[in-house]
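A structural walkthrough
Listed here are the chains, written in short residue letters.
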Amino acid sequence: MNLACRLLVAIIGSSSFISGVSAQTYPQKPLRMIIPFAPGGASDFVGRIFSQRLGDLLGQQIIIENRGGASGNIGLELAAKSPNDGYTIFLGNIGTIAINHAVFPNMTVNPAKDFIAVSQVADVPSIMVAPASLAANNVAELVALAKSKPGGLN
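As a starting point, this report considers the structure included with it. Bear in mind that the values here come from a model prediction, so they are computed numbers and not experimental data. (Residues numbered from 1 in each chain as written. Predicted model: local features only at pLDDT ≥ 70, side-chain atom pairs only at ≥ 80, totals over all residues. Heavy atoms only, no water.)

**Quick look at unusual backbone geometry**
The amide bond that connects Y26 to the next residue, P27, takes the cis arrangement and shows omega of -10°. Mapped onto the elements of the fold, P27 is located in the loop between α1 (3-18) and β1 (31-35). Here the phi dihedral of A70 falls at roughly 55°; this positive angle occurs in a residue that is not glycine. The phi dihedral of S71 is positive, around 60°, even though this residue is not glycine. (Helix = DSSP H or I, 4+ residues; strand = E, 2+ residues; numbered from the N terminus.)

And the structure:
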């Protein structure tokens, strides 16, 4: 069992004591994992792999609930409104946790205040590519080219 899974199990398990159900053995029912994007994307892929392993460790099923829309804000709001009983997991990413709050000023949820990070479960690298014919060989050249042709690159 890797460290991230152990930490997640420990924190989820400890939340049952906080909610006043310490007389029960956790978990007593399936857990719910809210993935704020449509099935088939990177977050869904990671969530399904992780939920299978976590479910095996906990001896309980993890039910995936994809709630895509509004750049992940629909799923984020659903998770924030869920009971604080240790049975809901939100699989956020850089957009839902850090970027959206700055981009959407009318959000009702503030991830920094309304959630507690449990563990990083994946590192998904991103790359930037361009046609070989483009007159830019690095990011600085691409930015300069884009500035020299406003609206000309997309």
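**What about the packing of aromatic side chains?**
As enumerated under the stated definition, the model contains two aromatic pairs in all. With a centroid separation of 5.1 Å and an interplanar angle of 55°, the aromatic rings of Y26 and Y87 are classed as tilted. Here the residue Y26 occupies a position in the loop between α1 and β1, and Y87 occupies one in the loop between α3 (73-81) and β3 (88-90), the gap between them amounting to 61 residues. There is no split in this pair, since Y26 and Y87 are both buried. Here K29 stacks its cationic end above the ring of Y87, 4.8 Å away from the centre of that ring. (Phe/Tyr/Trp six-rings, centres within 6.5 Å; stacked < 30°, edge-to-face > 60°. Buried < 20%, exposed > 50% of the residue type's maximum accessible area, 1.4 Å probe, protein only. Lys NZ or Arg CZ within 6 Å of the ring centre and 35° of its normal.)

**Regarding the nonpolar core**
Note on soluble globular proteins: their nonpolar side chains tend to be buried together. Y26, L31, M33, I35, F50, L54, L58, I62, I64, Y87, I89 and L91 together form the largest nonpolar core, which totals twelve residues. Looking at this core, the elements that each hand over two or more residues are β1, α2 (42-58) and β2 (62-66). Formed by six residues, the second largest nonpolar core is a distinct cluster that contains I34, A79, M107 and V109. (Core = buried A, V, L, I, M, F, W, Y, C linked by side-chain atoms within 4.5 Å.)

**A few points about the pattern of salt bridges**
Evaluation of the coordinates by the stated rule reveals three salt bridges. A salt bridge links R48 to D44; the nearest nitrogen and oxygen atoms lie 2.8 Å apart. Separated by four residues within a single helix, R48 and D44 lie in helix α2, roughly one turn from each other. On the basis of relative accessible area, R48 is assigned to the partly exposed category, the value being 39%. Here E65 ties to R67 by a salt bridge, and the two come within 2.9 Å at their closest N and O atoms. Members of the salt-bridge network, linked through shared partners, are R32, E65 and R67. (Salt bridge = Lys/Arg side-chain N within 4 Å of Asp/Glu carboxyl O.)

**Describing a nonpolar patch on the surface**
A contiguous nonpolar patch, built from I94, I99, V103 and F104 and spanning about 360 Å² of accessible area, is present on the exposed surface. Inspection of the secondary structure assignment puts I99 in helix α4 (residues 94-103). (Patch = residues over 30% accessible without salt bridge, like charges linked within 9 Å, V, L, I, M, F, W, Y side chains within 5 Å. Areas by Shrake-Rupley, 256 points an atom, 1.4 Å probe, with all protein chains shown as cover.)

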